[in-house]
Amino acid sequence: MRHDGETGRRSSAGRGRGTAGLAVMLVAAVIGACGCADPAARTGPPPASSPASPASSARTAAAPQESASPSRAAGLPAPDEEVPRDPVRLAEALHSTTRALREAVDAWTRSGGAARGRPPETVELQALYQQRIYRYAARHRDLADRAFAKLPKALAAEARDNTRAIRELLALAVPLKGKATFVVKPPLPADVLLGHFKRAERRFGVEWELLAAVMFVETKFGRVRSKSHAGAQGPMQFMPATWRAYGLGGDVHDVRDAVMGAANYLRASGAPGDRRRALHAYNPSNAYVDAVSLHARQIERDPRNFYAYYNWQVFVITTTGERRLSGPT
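Residues numbered from 1 in each chain as written. Predicted model: local features only at pLDDT ≥ 70, side-chain atom pairs only at ≥ 80, totals over all residues. Heavy atoms only, no water.

It is worth spelling out the overall build of the protein at this point. Within the protein, the regular secondary structure consists of 11 helices and four strands. Here the protein holds 329 residues, and 61% of them are scored as buried. Expressed as a percentage of contacts within the protein between residues at least 6 apart in sequence, the contacts between residues at least 24 apart total 71%. Counting only carbon and sulfur atoms, one obtains 51% of the accessible surface of the protein, whose full area is about 12,200 Å². (Helix = DSSP H or I, 4+ residues; strand = E, 2+ residues; numbered from the N terminus. Buried < 20%, exposed > 50% of the residue type's maximum accessible area, 1.4 Å probe, protein only. Contact = heavy atoms within 4.5 Å. Areas by Shrake-Rupley, 256 points an atom, 1.4 Å probe, with all protein chains shown as cover.)

What follows is the structure, encoded as structure tokens:
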């Protein structure tokens, strides 16, 4: 089930962990991806060009937003800060926001705060604004191309990867109808998650950055607690049969167990040598594979991107528009 920041549609193609179906709230594009599919549905590597299957709506139950601090530091973007509509201002906003976010992440991690709990507003609000800029850019390709051409080379490459990943996930989204509700809760502290990813890497050889990118796209690092329409469960979205085969006897809802199970499944499916094959087994959609791969690449290029993604929020796409389900208010 995909909750990559957005919940909308979802595909039930996933085979790996649990074929949760792309419920991706489109956290960046879709709230969750298709979780691990049923092992009985496993096939070989993806074809050179197979169309992404549409995501189906996610089933959930209640979605309270995380509360914000009563006082907000001056100079920080508001949760609904306007996203510039012209390329020069958009480039300036992305450049300054990303710089400020990285400085805030450095201060947060140096202080040990990333191991303790909720991030400070300096991180949370800058990350949300960065996410919203990328989401807007993903929907306005011409504007994004002109804006990114004005950025420093490294940031331009990062921006193109992020917007492409969001577009891939958005392409899988099917707007929800009616008054759907979702179970959304705060994630474990960032460095606690990082510890689980690194332990799984040591045991199975699957890069921690890839595991982080999968959980990011699937449930926004565990924020989304709803089952997928297909029945996938847990922070890594496993189907019951896949979990029985690869879950190592653990609890699918336990973050540590789920990460270990995902690493086990990805290793059995080709990782780390053939990431695309492994990801395609997890969710047989080229769009999903591309999106997870792009996000993993950004974390590998700069670990601060892990902390930025950790603070990207869950969005839901409906027939009447989109709304944010988590983060500061």
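The rest of the description comes next.
Relative to the helices and strands, Glu209 is located in helix α6 (residues 208–219). Although buried, Glu209 forms no salt bridge, and the nearest oppositely charged side chain, Arg275, lies 5.3 Å from it. (Lys, Arg positive; Asp, Glu negative; His and termini not counted. Salt bridge = Lys/Arg side-chain N within 4 Å of Asp/Glu carboxyl O.)

The next point concerns the packing of aromatic side chains. Scanning the entire structure with this criterion turns up 17 aromatic pairs. Between Phe197 and Phe221, the aromatic rings sit 6.4 Å apart at their centres with planes inclined by 55°, giving tilted as the arrangement. Of the two residues, Phe197 is situated in helix α5 (residues 190–204) and Phe221 in the loop between α6 and α7 (240–246); the sequence distance between them amounts to 24 residues. For the pair Phe197 and Phe221, a shared accessibility class is recorded, and that class is buried. Taken together, the ring pairs connect Trp108, Tyr134, Phe197, Trp208, Phe216, Phe221, Phe306, Tyr307, Tyr309, Tyr310 and Trp312 into an aromatic cluster. Sitting over the face of the ring of Phe315, Arg135 holds its NZ or CZ atom 4.3 Å from the ring centroid. (Phe/Tyr/Trp six-rings, centres within 6.5 Å; stacked < 30°, edge-to-face > 60°. Lys NZ or Arg CZ within 6 Å of the ring centre and 35° of its normal.)

Below, the discussion takes up the packing of helix α1 (residues 87–110) against helix α3 (residues 141–148). Closest axis-to-axis distance for the α1/α3 pair is 8 Å, and the angle between their directions is 65°. One finds that α1 runs roughly perpendicular with respect to α3. Relative to α3, α1 is oriented so that their crossing is right-handed. Where α1 abuts α3, its residues Pro87, Leu90, Ala91 and Leu94 lie against Leu143, Arg146, Ala147 and Phe148. Of the residues assigned to the contact of α1 with α3, the class counts are seven nonpolar, no polar and one charged. (Axes fitted to C-alpha atoms, helices over the stretch in contact; angles between N-to-C directions. Parallel < 35°, antiparallel > 145°, perpendicular 65-115°, else oblique. Left-handed = near helix turned anticlockwise from the far one by under 90°. Nonpolar A, V, L, I, M, F, W, Y, C, P; charged D, E, K, R; others polar.)

A separate point is the pattern of salt bridges. In the structure shown here, the tally under the stated rule is 16 salt bridges. Among the salt bridges present, the one from Glu207 reaches Arg275, with a minimum N-O distance of 3.8 Å. Remark: Arg275 occurs in helix α9 (residues 275–282) and Glu207 occurs in the loop between α5 and α6; sequence separation between them is 68 residues. Close ionic contact of Arg256 with Asp257 constitutes a salt bridge, the shortest N to O distance being 3.5 Å. Its relative accessible area of 18% is what places Asp257 among the buried residues. Salt bridges sharing partners connect three or more residues here, namely Arg102, Asp106, Glu158, Asp302 and Arg304.

Right, let's get into α1. Each full turn of the α-helix corresponds to 3.6 residues, which orients residues three or four apart in the same direction. In this model, α1 (24 residues) spans 34 Å end to end at C-alpha, consistent with the 34 Å of a helix rising 1.5 Å per residue. Three or more residues of α1 are buried, namely Pro87, Leu90, Ala91, Ala93, Leu94, Thr97, Thr98, Leu101, Ala104, Val105 and Trp108. Where α1 is buried, its residues meet α2 (121–139), α3, α4 (153–171), α5 and α11 (304–310). Two to three positions downstream of the cap, the backbone nitrogen of Val88 sits 3.2 Å from a side-chain oxygen, assigning the N-cap of α1 to Asp86. Just downstream of α1, Gly112 is the residue with a positive phi angle, here 85°. (Expected span 1.5 Å × (residues − 1). Polar contact = N/O pair within 3.5 Å; in protein donor to acceptor, adjacent residues only side chain to side chain.)

Attention now moves to helix α8 (residues 255–268). Look at α8: 20 Å from first C-alpha to last across 14 residues, which is about the 20 Å you get at 1.5 Å a residue. Most of α8 sits inside the fold, with 11 of its 14 residues counted as buried. Of the positions making up α8, those classed as buried are Val255, Asp257, Ala258, Val259, Met260, Gly261, Ala262, Ala263, Asn264, Tyr265 and Leu266. Looking at the buried side of α8, the elements it contacts are α5, α6, α7 and α9. For α8, the N-terminal capping position is held by Asp254, with its side-chain oxygen 3.2 Å away from the main-chain nitrogen of Arg256. At the exit of α8 stands Gly270, carrying a positive phi of roughly 130°.

The space that makes up the largest pocket amounts to roughly 190 Å³. Around the largest pocket sit 14 residues that line it, and Gly222, Arg225, Pro235, His253 and Val255 are the ones nearest its centre. When its residues are assigned to classes, the lining of the largest pocket shows eight nonpolar, five polar and one charged. (1 Å grid on protein atoms, 1.4 Å probe; cavity = no way out; pocket = protein on both sides within 12 Å on 5 of 7 lines; lining within 4 Å. Points joined across faces, edges and corners; volume = space filled by probe spheres on them.)

Okay, the pairing of strand β4 (residues 321–324) next. Bridging between strand β3 (residues 315–318) and β4 involves four bridges; their strand directions are antiparallel. Its bridge partner lying in β4, Phe315 is registered against Arg324. Connecting β3 to the next strand, β4, in antiparallel fashion are two residues. (Pairing = 2+ DSSP bridges.)

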